Amino acid sequence: AQTVTQSQPEMSVQEAETVTLSCTYDTSESDYYLFWYKQPPSRQMILVIRQEAYKQQNATENRFSVNFQKAAKSFSLKISDSQLGDAAMYFCAYRSRGEYGNKLVFGAGTILRVKS
Amino acid sequence: DARVTQTPRHKVTEMGQEVTMRCQPILGHNTVFWYRQTMMQGLELLAYFRNRAPLDDSGMPKDRFSAEMPDATLATLKIQPSEPRDSAVYFCASGTSGTGPLETQYFGPGTRLLVL
């Protein structure tokens, strides 16, 4: 079974600065997808960014980018120019690519605090 | 703007009572997931359906939980009888059954359940 580990329970960043959230995963599969979800205090789960394992190029979405290291099974999220609205819980998630592999496996989450 | 809707948003009940949570997936989505979020266990998959058929409900306590999809626009999760340890936020998510890179799960706002 796949597992996802987020080793940072909590992180802080100054507004306008850059922060990196860590995620590692364990799998024997060669093809899969990785995601970062954001959960603000409203509890809504919001997709931030996704990465296909077969792509070497790191995904980017505006101020959000990932550093995907397939051999190391590492998938970190970098938030540039941090904003107060970025404060939330961030979850890293894994999904198999197989026919029945649609379910997400989540890490424990990292609380991100943004200081003004 | 297509969204997953969940009702009720909040539910407070007494131990032993039946609880029914409802989810309306995004129109056209044929895969529905139920996740539970607690402080202790984090986000865990309870069950998921494709084309209204259950694919995996191994994460769900069978003695008291049941999940169904009476039709393509409604998924239900029932707890009978409810217990204090069932207190959690229950998320419904929907997606398509494709395995391609655009396959994404979209989450509803969650039902916050408190069992006294």
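Residues numbered from 1 in each chain as written. Chains lettered and ligands numbered in written order. Predicted model: local features only at pLDDT ≥ 70, side-chain atom pairs only at ≥ 80, totals over all residues. Heavy atoms only, no water.

Caption draft 1: Summary view of unusual backbone geometry. Of the consecutive residues Thr 7 of chain B and Pro 8 of chain B, the connecting peptide bond is found in the cis state with omega at -10 degrees. For the bond running from Gln 80 of chain B to Pro 81 of chain B, omega is -5 degrees, close enough to zero to count as cis. Position of Pro 81 of chain B among the secondary structure elements: in the loop between strand S8 (74-79) and strand S9 (88-95). With phi around 55 degrees, Lys 73 of chain A is a residue other than glycine that occupies positive phi space. (Helix = DSSP H or I, 4+ residues; strand = E, 2+ residues; numbered from the N terminus.)

Caption draft 2: Region of the structure containing the confidence of the model for chain B. Within chain B, residue pLDDT values average 90, and 93% of them lie at 70 or more. Strand S6 (residues 53-56) of chain B is the least confidently modelled element of chain B, averaging 86 in pLDDT, while strand S3 (residues 19-24) of chain B averages 98, the highest of any element. (pLDDT = per-residue confidence, 0-100.)

Caption draft 3: How the structure looks around the environment of Arg 113 of chain A. All names here are of chain A. Locating Arg 113 in the fold gives a position in strand S12 (residues 110-115). A C-alpha to C-alpha distance of 8.3 Å links Arg 113 and Leu 84, two positions 29 residues apart in sequence. With sequence-adjacent residues up to four places away left out, Arg 113 is seen in contact with Glu 10, Met 11, Ser 12 and Val 13. Within the structure, the side chain of Arg 113 is placed 2.5 Å from the side chain of Glu 10, a separation counted as a polar contact. (Contact = heavy atoms within 4.5 Å. Polar contact = N/O pair within 3.5 Å; in protein donor to acceptor, adjacent residues only side chain to side chain.)

Caption draft 4: Broad picture of the sheet that holds strand S7 (residues 65-71) of chain B. Residue and element names in this part refer to chain B. Across the sheet, which stays open at both edges, the four strands sit in the order S1-S3-S8-S7 with antiparallel pairing between neighbours. The outermost strands of the open sheet, each flanked by one partner alone, are strand S1 (5-7) and S7. In this sheet, neighbouring strand axes are inclined to one another by 20 degrees on average, regardless of whether the strands run parallel or antiparallel. (Pairing = 2+ DSSP bridges. Axes fitted to C-alpha atoms, helices over the stretch in contact; angles between N-to-C directions.)

Caption draft 5: Summary view of the state of the cysteines. Enumeration according to the criterion identifies two disulfides over all chains in this entry. The side chain of Cys 23 of chain A participates in a disulfide bridge whose partner is Cys 92 of chain A; the two sulfur atoms lie 2.0 Å from each other. Linking Cys 23 of chain A and Cys 92 of chain A, the disulfide has an S-S dihedral of approximately -70 degrees and is accordingly described as left-handed. Residue Cys 23 of chain A is found in the loop between strand S3 (19-21) and strand S4 (24-26), and its partner Cys 92 of chain A is found in strand S10 (residues 88-96); the two are separated by 69 residues along the sequence. Cys 23 of chain B shares a disulfide with Cys 92 of chain B; S-S distance 1.9 Å. Here Cys 23 of chain B and Cys 92 of chain B share a disulfide; its torsion about the S-S bond, -60 degrees, makes the bridge left-handed. Here Cys 23 of chain B, found in strand S3, pairs with Cys 92 of chain B, found in strand S9; they are 69 residues apart in sequence, far enough to count as distant. The same class applies to Cys 23 of chain B as to Cys 92 of chain B, namely buried. (Disulfide = S-S within 2.5 Å. Buried < 20%, exposed > 50% of the residue type's maximum accessible area, 1.4 Å probe, protein only.)

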